[in-house]
Amino acid sequence: ASLAVPVLDDGRVVVLRQYRFAVATRLLEFPAGTLDPGETPLSTMRRELQEEAGYRAERWDELGAMLPCPGYSDEVIHLFLARELTLLSERPPGDDDEDMEVLLMEPGELDAVLASGNEALDGKSVTAWFRARQVLGL
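Residues numbered from 1 in each chain as written. Predicted model: local features only at pLDDT ≥ 70, side-chain atom pairs only at ≥ 80, totals over all residues. Heavy atoms only, no water.

1. What to know about the overall build of the protein
Note the cut-off: Helix and strand assignments come from DSSP, with helices taken as H or I runs of at least 4 residues and strands as E runs of at least 2, each series counted from the N terminus. Our radius of gyration looks at C-alpha atoms and nothing else; its globule reference is 2.2 Å times the residue count to the power 0.38. The rule is simple: take the accessible area with a 1.4 Å probe, protein chains only, and divide by the maximum for that residue type; under 20% is buried, over 50% is exposed, in between is partly exposed.
If you tally the helices and strands in the protein, you get three helices and seven strands. Scanning the protein from its N terminus toward the C terminus, one meets helices and strands in the order β-β-β-β-α-β-β-β-α-α. Whereas a compact globule of 138 residues would reach a radius of gyration of roughly 14 Å, the protein reaches 14 Å, a difference of no more than 12%. With respect to the three principal axes, the spread of C-alpha positions in the protein is 35 × 30 × 30 Å. In the protein, which comprises 138 residues, the proportion classed as buried is 38%.

Below, the structure written as structure tokens:
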């Protein structure tokens, strides 16, 4: 899979609030998706950023990869920082089974949400945000 931390020129971060049936709640997440046959991690992320958040990015930085559940899965998630964003659609199409809302958050606001524990952020997004903050110098 691939995941991107999209950051606007003004420093705000594009975050999704998505309903996840497995945990029966909404989570804050960064745009992500699984690789289709023949796709590279970056081409997957370019597609997913447009489909889920409605943005295109001109600048992509690799943030490495992570193994979310190595005790029982060989899944690898490739992490990216997406910058120089252009809004293509305020109502991105998403997939038929997705229920999500696109949010724009200041980095400090996202940090405060994480620190409070009042809203859940999935593990892959926490890892990606930690790595992105290092690249961004936050």
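Next, the rest of the story.
2. Notes on the packing of aromatic side chains
Operational definition: Working definition: rings of Phe, Tyr and Trp (its six-membered ring) pair if their centres are within 6.5 Å, and the pair is stacked with planes under 30 degrees apart, edge-to-face with planes over 60 apart, and tilted otherwise.
According to the stated counting rule, one finds three aromatic pairs in the structure shown. Ring centres of Phe30 and Trp129 lie 6.3 Å apart, and the angle between their planes is 40 degrees; this geometry places the pair in the tilted category. With Phe30 in the loop between β3 (25-29) and β4 (32-33) and Trp129 in helix α3 (residues 123-136), the pair connects residues that are 99 residues apart, well separated along the chain. With respect to class, Phe30 is no different from Trp129; both count as buried. Here the aromatic rings of Trp60 and Phe80 are separated by 6.1 Å at their centres, their planes lie at 90 degrees, and the arrangement is edge-to-face. Here the residue Trp60 occupies a position in strand β5 (residues 55-66), and Phe80 occupies one in strand β6 (residues 77-87), the gap between them amounting to 20 residues. Residue class for Trp60 comes out buried when judged on its relative accessible area of 16%. Under the relative-accessibility criterion, Phe80 is labelled buried at 5%.

3. A short note on the pairing of β3
The criterion, for reference: The pairing criterion for strands is at least two bridges between them, as found by DSSP.
Bridge analysis of strand β2 (residues 13-20) against β3 gives five bridges, and the strand direction is antiparallel. Counterpart to Leu16 in the pairing with β3 is Glu29. In this antiparallel pair of consecutive strands, β2 and β3, the connection spans four residues, and Ala24 shows a positive phi of 50 degrees.

4. Points about the side chain of Gln18
Put simply, the rule reads: By the criterion applied in these results, polar contacts are pairs of N or O atoms within 3.5 Å in which, for protein atoms, one can donate a hydrogen and the other can accept it, and in which residues neighboring in sequence qualify only through two side-chain atoms.
Residue position: Gln18 is located in strand β2. Engagement of the side chain of Gln18 in a polar contact is seen with the side chain of Arg20, the distance being 3.5 Å.

These values are about where atoms sit, not about what they do.
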